[in-house]
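Geometric and topological summary
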Amino acid sequence: MPRRAVAVIGTGTIGRSWIRVFTRGGYPTRAWDPDPEQLERAWTWLKADLKTTRKRQGLRKAVARSQRELVTRCATLEEALDGVAYVQESAPEDLVLKQRLFQDLDARSDPGTILATSSSSFGLDQLAGGLGGRHRCIIAHPLNDPHTLPPVEVHWDEQTNPAVVRRTTRFLLQVGQQPLPVRKHRPGLVMERLEAAVLREAIYLLQEEVADVETVEAALHLGLGLNWATQGPLRALALKADGGLHEHLTRYAAVYHRIWSDLGTDVQLTPELIDRLARQVGPTQAGVEPQEYRAWRDDLVERIQRTKTTHQLGAEDGAG
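Residues numbered from 1 in each chain as written. Predicted model: local features only at pLDDT ≥ 70, side-chain atom pairs only at ≥ 80, totals over all residues. Heavy atoms only, no water.

Attention now goes to the overall build of the protein. The helix and strand inventory of the protein stands at 13 helices and eight strands. Dimensions of the protein along its principal axes, counting C-alpha atoms only, are 60 × 50 × 45 Å. Counting over 320 residues, the protein shows a buried share of 39%. For the protein, restricting intrachain contacts to residue pairs at least 6 apart in sequence, the fraction spanning at least 24 positions comes to 65%. Per element, the accessible surface of the protein, about 18,200 Å² overall, is 54% carbon and sulfur. For the protein, the distance from the average site of its 41 positive side-chain charges to the average site of its 41 negative ones is 7 Å. (Helix = DSSP H or I, 4+ residues; strand = E, 2+ residues; numbered from the N terminus. Buried < 20%, exposed > 50% of the residue type's maximum accessible area, 1.4 Å probe, protein only. Contact = heavy atoms within 4.5 Å. Areas by Shrake-Rupley, 256 points an atom, 1.4 Å probe, with all protein chains shown as cover. Lys, Arg positive; Asp, Glu negative; His and termini not counted. Charge placed at Lys NZ, Arg CZ, Asp CG, Glu CD.)

Given below as structure tokens:
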């Protein structure tokens, strides 16, 4: 049976990427933007990106054409919302603009349509407080660009219908994304807060002339970034000691406290917190022992490095 259409509202860099995600997943996708020129720019980008994917990743011409044909560029919001099952709002991060847009989405869409926002800056009460359809509103925040990076942070609150959370999670999985549940709202949610923390320190090091741009960039993409490509920061630290995360944090708590004090960060590695983190991370990953996990990590890092070496920026088969 044909899948029900979905709508992308706002077709900037995030919105146009969502179009790729949904059409790649086989969903008819309605696209609308209050700026017709922006909508045309998104359409031009979409065709060019499909062409690039054909060239570099071997996407078949027929598949690219079928994905392109799933897109309908809508002249009005009403046309975009007519009968759709899911809406992904991706307007600029302007609270007043988004509030007005959610009022329109709630008033003009079917009562059972899920209203999702790509925003990480504003909570659901800020965006949709007081709406009759408040229960069907949810945050589905991607990392730019979602058609390349699969994680999507899914945040809801006590006013969100649990069925909306389940349907949103299932839908994101169906289109190839990786839903990440976020229990509490903080500006930036999880991914952007982590990114902002690293960015803040990178800029500080440059501001204070501790190192130059090349050193800071290399420290991340040749060092920490390679390690974090295989696991997150806590499990990466767990591999630094035979006793896992508990041993590492206990041994180096004073070192981290000195660095965090310099950063102005109010985090204290108390024994209770170390115990809790170590229990959550666990002694193993994916059911394998630490030595096997290290071997897997080392092999994967070497493969990534070889891939980077053979796909240098500017080379004919790797430019982009």
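Okay, back to it.
Counting buried residues along strand 7 (residues 151–155), four of its five residues qualify, which places the element largely inside the surrounding structure. Direction of pairing for strand 6 (residues 137–142) relative to strand 7: antiparallel, over a ladder of four bridges. If you follow Pro 142 over to strand 7, its bridge partner there is Val 152. As paired elements, strand 7 and strand 8 (residues 178–182) share five bridges and run parallel to each other. Across the sheet, Pro 151 pairs through a bridge with Gln 178, a residue of strand 8. Crossover connection from strand 7 via helix 7 (residues 162–174) to parallel strand 8: handedness right-handed. (Pairing = 2+ DSSP bridges. Right-handed = clockwise from strand over helix to strand, strands pointing away.)

It is worth spelling out helix 11 (residues 244–263) at this point. By the largest-angle criterion, Tyr 252 marks the main kink of helix 11, which is about 60°. Among all positions in helix 11, only Gly 244, Leu 245, His 248, Leu 249, Ala 253 and Tyr 256 are buried. Against helix 10 (233–238) and helix 12 (271–281) lie the buried residues of helix 11. Downstream of helix 11 by one or two residues, Gly 264 has phi in the positive range, about 80°. (Bend = angle between axes of the 7 residues up to and from the residue.)

Mapped onto the elements, Arg 136 comes out in the loop between helix 6 (124–128) and strand 6. Classification of Arg 136 by relative accessible area gives buried; the value is 4%. Each C-alpha atom of the pair Arg 136 and Asp 49 lies 32 Å from the other, and the pair is 87 residues apart in sequence. Excluding residues that lie within four positions of it along the chain, Arg 136 makes contacts with Leu 105, Asp 106, Ser 109, Asp 110, Pro 111, Thr 113, Ile 114, Leu 115 and Val 164. Here the side chain of Arg 136 touches Asp 106 through a polar contact of 2.9 Å, side chain to side chain. (Polar contact = N/O pair within 3.5 Å; in protein donor to acceptor, adjacent residues only side chain to side chain.)

Let us now look at the nonpolar core. Judged by nonpolar contacts, the single largest core of 28 residues is most densely connected at Trp 18, Phe 22, Leu 46, Tyr 86, Ile 138 and Phe 171. Counting residues per element, the ones that place at least two in this core are strand 1 (6–9), helix 1 (13–24), helix 2 (36–57), strand 5 (114–117), strand 6, strand 7 and helix 7. In contact with Trp 18, not counting residues within four places along its chain, are Val 8, Gln 88, Ser 90, Ser 118, Ala 140, Pro 142, Pro 146, Val 152, Leu 172 and Gln 177. Ranked by size, the runner-up nonpolar core spans 22 residues in total, among them Ala 5, Ala 7, Val 84 and Val 182. (Core = buried A, V, L, I, M, F, W, Y, C linked by side-chain atoms within 4.5 Å.)

Turning to the packing of aromatic side chains, a few remarks are in order. Using the criterion set out here, one finds seven aromatic pairs in the structure. A ring pair is formed by Phe 22 and Phe 171, whose centres lie 5.4 Å apart and whose planes are at 40°; its orientation type is tilted. Residue Phe 22 is found in helix 1, and its partner Phe 171 is found in helix 7; the two are separated by 149 residues along the sequence. Ring geometry for Tyr 293 against Trp 296: centres 5.7 Å apart, planes inclined by 20°, an arrangement best described as stacked. Of the two residues, Tyr 293 and Trp 296 both sit in helix 13 (residues 290–310), three residues apart, roughly one turn of that helix. (Phe/Tyr/Trp six-rings, centres within 6.5 Å; stacked < 30°, edge-to-face > 60°.)

Inspection of every chain in the model, using the stated rule, returns 15 salt bridges. Here Arg 134 makes a salt bridge to Asp 125, at a shortest N to O gap of 2.9 Å. A salt bridge links Glu 201 to Arg 200, with the nearest nitrogen and oxygen atoms 2.7 Å apart. Within the structure, one salt-bridge network assembled from shared partners comprises Glu 78, Asp 104 and Arg 108. (Salt bridge = Lys/Arg side-chain N within 4 Å of Asp/Glu carboxyl O.)

For the rest of this paragraph, the subject is the side chain of Asp 49. Here Asp 49 shows up in helix 2. Setting aside residues no more than four positions away along its own chain, Asp 49 makes contact with Arg 20 and His 147.

A word on the pairing of strand 4 (residues 86–89). Residues Tyr 86 and Gln 88 of strand 4 are buried on one face, and the alternating residues Val 87 and Glu 89, pointing to the opposite face, are buried as well. Across four bridges, the pairing between strand 4 and strand 5 is parallel. The partner of Gln 88 across the bridge, within strand 5, is Ala 116. Handedness of the β-α-β unit built from strand 4, helix 5 (residues 95–108) and strand 5 comes out right-handed.

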